[in-house]
Amino acid sequence: MAVSTVYTAQSVNSTRSISKPAKTYLGFHQKQVVFYRRTGKIGSSSSGSCVIACRAGDSHTVVIGLAADSGCGKSTFMRRLTSVFGGAAEPPKGGNPDSNTLISDMTTVICLDDYHSLDRTGRKEKGVTALDPRANDFDLMYEQVKALKKGVAVDKPIYNHVTGLLDPPELIKPPKILVIEGLHPMYDERVRDLLDFSIYLDISSEVKFAWKIQRDMAERGHSLESIKASIEARKPDFDAYIDPQKQYADAVIEVLPTQLIPDDNEGKVLRVRLIMKEGVEHFSPVYLFDEGSTISWIPCGRKLTCSYPGIKFHYGPDSYFGNEVSILEMDGQFDRLDELIYIESHLSNLSTKFYGEVTQQMLKHADFPGSNNGTGLFQTIVGLKIRDLYEQITSSETAAPREATKA
Ligand SMILES: Nc1ncnc2c1ncn2[C@@H]1O[C@H](COP(=O)(O)OP(=O)(O)OP(=O)(O)O)[C@@H](O)[C@H]1O
Ligand SMILES: O=C(CO)[C@H](O)[C@H](O)COP(=O)(O)O
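Nothing here was measured: the structure is a model prediction, and the numbers come from that model.

## Details of the site of ligand 1
Surveying the vicinity of ligand 1 reveals 14 residues, the closest of which are Gly71, Gly73, Ser75, Thr76 and Thr375. One of the side-chain nitrogen or oxygen atoms of Thr76 is found 2.6 Å away from an oxygen atom of ligand 1. Bound to the protein, ligand 1 loses 83% of the 630 Å² it would expose on its own. Residue assignment for the shell around ligand 1 shows that the elements contributing at least two residues are α1 (74–85) and α5 (205–218). Partitioning the shell around ligand 1 into residue classes produces 3 nonpolar, 8 polar and 3 charged. Formed jointly, the shell around ligand 1 draws a minimum of three residues from each of two domains, domain 1 (61–199) and domain 2 (250–391).

Here's what the structure looks like:
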């Protein structure tokens, strides 16, 4: 891959101060931006999207969308994904300590909360939730994701979750892989068309409730009533604007209560389904034993230690929102992660680079939530598939340059 030409950028009327958060962040679109090369000023633009030239002659940024409601495991998934590419993901150095961005050698993860057009007070005054499209700036989201995909840096706003305000922007340079995660990566058709691959984390309401209680009660001191009220208040907008995005996803990780324990209401043992769309370019679904067959498998016995209620896998072709899909399902949880190699050896199309890579990744992050069940396993597998997709796209670009963007 060609070496990036590095430019530094400076916005004419942008204060990079992070000590004085601006209450609102208006005028951003009209701001004049000057392009600088290391050697000096090279041009200027007052483009609507506030973009800054940054990379030339390089391949395009691969863009991945990850959609889910708040508290549904996006951050955990991102940590697994960036680990597949190696290197630690960290907030931009020397920037806003409340930045939502995570940067590693290969990936930049931006949180779409940064495109909230209304701050916390604004939403309260207008009586809208953050899930409502009216509280989000999709035009800016589209312009900036498009610019990054083309290899052009942007000054992205920051939504500060500590203060509930919109802070001054941060410079985002085009990475090799850009992940846009949050509530609405597939809501706007223009943004959706920029995605090279999309994932939806579909957490059933029972499980979401159990996870929220665990985090918000234990770690954030919220009461049971306030958690219930917050989930109820968000539900209509969640159903209207967030949930429908799953129909567009290339992969959905669906998390449901177990079927192995009759009438289970503890929510600890999970049934997890990896729904993989067929016919997606650069993505071949994982399969169990025999591609396209329908298979039920209880791997417990001599080679896998299973305590009650055991583990059950299911695999087969299906249809999802009218699309042909393959579904791999795991119900139950692992007793011993090192024995996962037994499961891994029966799965095909994993896009691993060596035998046992899935097991190695799972053992490496054994302390992450979901490492003993299908959530961790399927997140790891999707991470490996994304690495493979990236490698396929970049190798095909080396052979023949790709069209600028789909949009
Ligand atoms: N696979 C899992 N198994 C069990 N619990 C989980 C799992 N994934 C997430 N959780 C629980 O949900 C909480 C939220 O997870 P995480 O921070 O990854 O979600 P998020 O979508 O990034 O949340 P937010 O958008 O609110 O920052 C975790 O602290 C954990 O308690
Ligand atoms: O759904 C959310 C995504 O993270 C948040 O609730 C939304 O971003 C608003 O944030 P806050 O509650 O911190 O004002």
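## Some points on the domain arrangement of the protein chain
Its domain assignment divides the protein chain into domain 1 (61–199) and domain 2 (250–391). Each of domain 1 and domain 2 has a C-alpha centre, and these two points are 27 Å apart. The interface of domain 1 with domain 2 comprises 18 residues on the first partner and 22 residues on the second. It is Arg80, Val84 and Phe197 in domain 1 that bury the most area against domain 2; as a group they hold 40% of the surface buried on that side.

## A look at the state of the cysteines
Overall, the coordinates contain 1 disulfide when judged by the stated rule. Here Cys300 connects covalently by a disulfide to Cys306, the sulfurs 2.2 Å from one another. Between Cys300 and Cys306, the S-S dihedral sits near -80°, and the bridge is therefore left-handed. Residue classification places Cys300 among the partly exposed positions, given a relative accessible area of 26%. A residue is classified by how much of its surface remains accessible, and Cys306, at 24% relative accessible area, is partly exposed. Cysteine Cys72 remains unbridged, with the sulfur of Cys111 as its closest cysteine sulfur at 13 Å. Here Cys111 falls in the buried class, since its relative accessible area comes to 7%.

## Some points on the sheet that holds strand β11 (residues 197–203)
Strand order in this open sheet of 10 strands is β6-β7-β10-β5-β11-β12-β13-β17-β16-β15, and the pairing throughout is mixed. Because the sheet does not close on itself, it has two edges, and the strands there are β6 (102–103) and β15 (295–297). Both strand β5 (residues 62–67) and β11 contribute to a ladder of 4 bridges, which runs parallel. Each bridged residue has a counterpart across the sheet, and for Leu66 the counterpart in β11 is Ile199.

## Description of the UniProt feature "domain: Phosphoribulokinase/uridine kinase" (unreviewed entry) in the protein chain
Look at the UniProt record and you will see "domain: Phosphoribulokinase/uridine kinase" (unreviewed entry) annotated at residues 63–261. The distance separating the terminal C-alpha atoms of residues 63–261 is 40 Å; by composition the span is 34% helix and 25% strand.

## Quick word on unusual backbone geometry
Cis geometry marks the peptide bond from Tyr308 to Pro309, where omega comes out at 5°. Among the secondary structure elements, Pro309 is positioned in the loop between β15 and β16 (311–320). Although it is not a glycine, Asn349 adopts a positive phi angle of roughly 65°. By the secondary structure assignment, Asn349 is in the loop between β18 (347–348) and α8 (357–364).

Rules behind the numbers
- Residues numbered from 1 in each chain as written.
- Chains lettered and ligands numbered in written order.
- Predicted model: local features only at pLDDT ≥ 70, side-chain atom pairs only at ≥ 80, totals over all residues.
- Heavy atoms only, no water.
- Near = heavy atom within 4 Å.
- Polar contact = N/O pair within 3.5 Å; in protein donor to acceptor, adjacent residues only side chain to side chain.
- Areas by Shrake-Rupley, 256 points an atom, 1.4 Å probe, with all protein chains shown as cover.
- Helix = DSSP H or I, 4+ residues; strand = E, 2+ residues; numbered from the N terminus.
- Nonpolar A, V, L, I, M, F, W, Y, C, P; charged D, E, K, R; others polar.
- Domains from an automatic or database assignment.
- Contact = heavy atoms within 4.5 Å.
- Buried area = accessible area lost by both parts, 1.4 Å probe.
- Disulfide = S-S within 2.5 Å.
- Buried < 20%, exposed > 50% of the residue type's maximum accessible area, 1.4 Å probe, protein only.
- Pairing = 2+ DSSP bridges.
- UniProt positions renumbered as here; feature names shortened; annotations may be inferred.

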